[in-house]
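# Summary of structural features
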Amino acid sequence: MASFAELVLSTSRCTCPCRSFSKKPLILPPLSGLRLVGGDTKPLFRSGLGPVSVKRRFLTAVARAESDQLGDDDNAKEIDRIHDLQNVEDKQKKPSQLKKRVIFGIGIGLPVGCVVLAGGWFFTVALAASVFIGSREYFELVRSRGIAKGMTPPPRYVSRVCSVICAVMPILTLYFGNIDILVTSAAFLVAIALLVQRGSPRFAQLSSTMFGLFYCGYLPCFWVKLRCGLAAPALNTGKLSPFISLKFSIGKTWPILLGGQAHWTVGLVATLISFSGVIATDTFAFLGGKAFGRTPLTSISPKKTWEGTFVGLVGCIAITILLSKSLSWPQSLFSSIAFGFLNFFGSVFGDLTESMIKRDAGVKDSGSLIPGHGGILDRVDSYIFTGALAYSFIKTSLRLYGV
């Protein structure tokens, strides 16, 4: 007796003279992840891949199975028809995905702006929460099949302890100011835990864990140093310029209950300019790549191009100069250009670093927390190195912090 699949699929064969007819039943190749379900009210196929993916695999399998029973011309037309259906579905998905990205991007950007303006413990606790989630995503990437295939990942209890250590680092930075000794001590204790574990310790465990502490914990602490540590006022100095009216209007209209004009410190202005520079880099690079992109930037991220990267650099420097003139910080035009370049470089370098990690892990996104965007690391990768570069530049290269 013919199977249920053979009976169902045999009805789809055409008996018209334009196609050769064979009495042989149509046998599909094995489809992983699919199983037949009987009954009129139940679906024919169930799969964790979703209805669209199952439909595509089903249609493609049918076309391939018919290749031995149809002529070459008919088979080519059948394959083209299926590909056309897939292209139509992809085009219908793109607008919805873009709309979702824009909605959630605005929904995230507004609260982040309020947290940056608030500063202090609000900023630090929000950063610590993001660091904890990002560190969990990082260690899950390290344990993923793509990376773990060539190395031994750290034990789960070590990765969980490291995530907690990373989340505590920004809070300790705000309280103590300098946490170099504490970070070194924590790294030493984690290294001892890896060396004395049961089994056979591996250097890959030590290297991936130490990098996780540095990448997910230590580097984000520079945003606390930048936003909360540079408390010099930034809006009450400077020579008059065409842009100076905005500076005074912000200082005069800012509520006294929220700190008044003194609330606008070098740390706040520098953080706002850095955030705006990173956003400008991503936006202009995306638009430039769509319009002029021809030369791939690197194999790590094939969609990035040199043309788009150059447009991102120009956009980042332009936004930095505009904001620096409006807020009268920093005073020097050369300092503004240098600050914009560092924001651009930190943004691109952080983006490529996370792309390299995901590429080795064999995944597209670090997580699925934010619909249309992926995980936390997918959204903050451009900020991880930027804070350290911005803070170091202000502390070492700007006289009187650029005021």
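In the nomenclature of an unreviewed UniProt entry, the protein corresponds to Phosphatidate cytidylyltransferase from the organism Arabidopsis lyrata subsp. lyrata. Its UniProt record gives the protein the following Catalytic activity (unreviewed entry) comment, quoted word for word: "a 1,2-diacyl-sn-glycero-3-phosphate + CTP + H(+) = a CDP-1,2-diacyl-sn-glycerol + diphosphate".

Scanning the protein for helices and strands turns up 15 helices and 2 strands. Taking all 403 residues of the protein together, the buried fraction comes to 40%. Contacts in the protein between residues far apart in sequence, at least 24 positions, make up 69% of those at least 6 positions apart. Accessible surface, the protein as shown: approximately 22,600 Å² in total, 66% of it carbon and sulfur.

Sites flagged by UniProt as "transmembrane region" (unreviewed entry) map to residues 102–133, 175–196, 208–226, 264–287, 308–327 and 333–352. Secondary structure over residues 208–226 splits into 89% helix and 0% strand, and the C-alpha atoms at its two ends are 27 Å apart. In this annotation, residues 308–327 is assigned 100% helix and 0% strand; the end-to-end C-alpha distance for the span is 28 Å.

Among the structural elements, serine 336 can be located in helix H13 (residues 333–361). By relative accessible area, serine 336 is classed as buried at 1%. Discounting chain neighbours no more than four positions away, the residues touching serine 336 are Thr320, Ile321, Ser324 and Pro330.

Next up on the list: the packing of helix H4 (residues 120–142) against helix H6 (residues 156–176). Following both chains from N to C, one finds H4 and H6 inclined at 160°, their axes separated by 8 Å at the closest point. Relative to H6, the element H4 is oriented roughly antiparallel. Viewed along their axes, H4 and H6 form a crossing whose handedness is right-handed. Of the residues in H6, those in contact with Gly120, Trp121, Thr124, Leu127, Ala128, Val131, Phe132, Ser135, Arg136, Phe139 and Glu140 of H4 are Arg156, Ser159, Arg160, Cys162, Ser163, Val164, Cys166, Ala167, Pro170, Ile171 and Leu174. The residue makeup of the contact of H4 with H6, split by class, is 13 nonpolar, 5 polar and 4 charged.

Counted according to the given criterion, the structure contains 17 aromatic pairs. Plain terms: the ring middles of phenylalanine 214 and tyrosine 218 are 6.2 Å apart, the flat faces sit at 25° to each other, and that makes the pair stacked. Of this pair, phenylalanine 214 and tyrosine 218 are both found in helix H8 (residues 203–218), 4 residues apart, which corresponds to roughly one turn of the helix. A relative accessible area of 19% means that tyrosine 218 is categorised as buried. Grouped by ring-pair contacts, the aromatic residues Tyr138, Phe139, Phe211, Tyr215, Phe345, Phe349 and Phe385 constitute a single cluster. Lying across the ring of phenylalanine 222, lysine 225 places its NZ or CZ 4.8 Å from the centre.

Consecutive side chains along a regular strand alternate between the two faces of the sheet. Judged from the 2 bridges that link them, strand E1 (residues 296–298) and strand E2 (residues 301–305) form a sheet pairing that is antiparallel. Opposite threonine 298, over in E2, you have serine 301 as the bridge partner. Between E1 and E2, which pair antiparallel in sequence order, lie 2 residues.

Turning our eyes to something else, we now look at H4. The end-to-end C-alpha separation of H4 is 33 Å, in line with the 33 Å expected for 23 residues at 1.5 Å each. Within H4, the full set of buried residues consists of Phe123, Thr124, Leu127, Ala128, Val131, Gly134, Ser135, Glu137, Tyr138, Phe139, Leu141 and Val142.

With that settled, consider the packing of helix H11 (residues 266–292) against helix H12 (residues 306–327). Orientation of H11 relative to H12, taken along the N-to-C sense of each, is 150°, at an axis distance of 7 Å. Taken as axis vectors, H11 and H12 run roughly antiparallel relative to one another. In the crossing of H11 with H12, the sense of the turn from one axis to the other is right-handed. Seen from H11, the contacting residues are Val269, Ile273, Ser276, Gly277, Ala280, Thr281, Phe284, Ala285, Gly288, Gly289 and Phe292; seen from H12, they are Glu307, Gly308, Val311, Gly312, Gly315, Cys316, Ile319, Thr320, Leu323, Ser324 and Leu327. Class assignment of the residues belonging to the contact of H11 with H12 gives a composition of 11 nonpolar, 10 polar and 1 charged.

Thresholds, definitions, all that
Residues numbered from 1 in each chain as written. Predicted model: local features only at pLDDT ≥ 70, side-chain atom pairs only at ≥ 80, totals over all residues. Heavy atoms only, no water. UniProt positions renumbered as here; feature names shortened; annotations may be inferred. Helix = DSSP H or I, 4+ residues; strand = E, 2+ residues; numbered from the N terminus. Buried < 20%, exposed > 50% of the residue type's maximum accessible area, 1.4 Å probe, protein only. Contact = heavy atoms within 4.5 Å. Areas by Shrake-Rupley, 256 points an atom, 1.4 Å probe, with all protein chains shown as cover. Axes fitted to C-alpha atoms, helices over the stretch in contact; angles between N-to-C directions. Parallel < 35°, antiparallel > 145°, perpendicular 65-115°, else oblique. Left-handed = near helix turned anticlockwise from the far one by under 90°. Nonpolar A, V, L, I, M, F, W, Y, C, P; charged D, E, K, R; others polar. Phe/Tyr/Trp six-rings, centres within 6.5 Å; stacked < 30°, edge-to-face > 60°. Lys NZ or Arg CZ within 6 Å of the ring centre and 35° of its normal. Pairing = 2+ DSSP bridges. Expected span 1.5 Å × (residues − 1).

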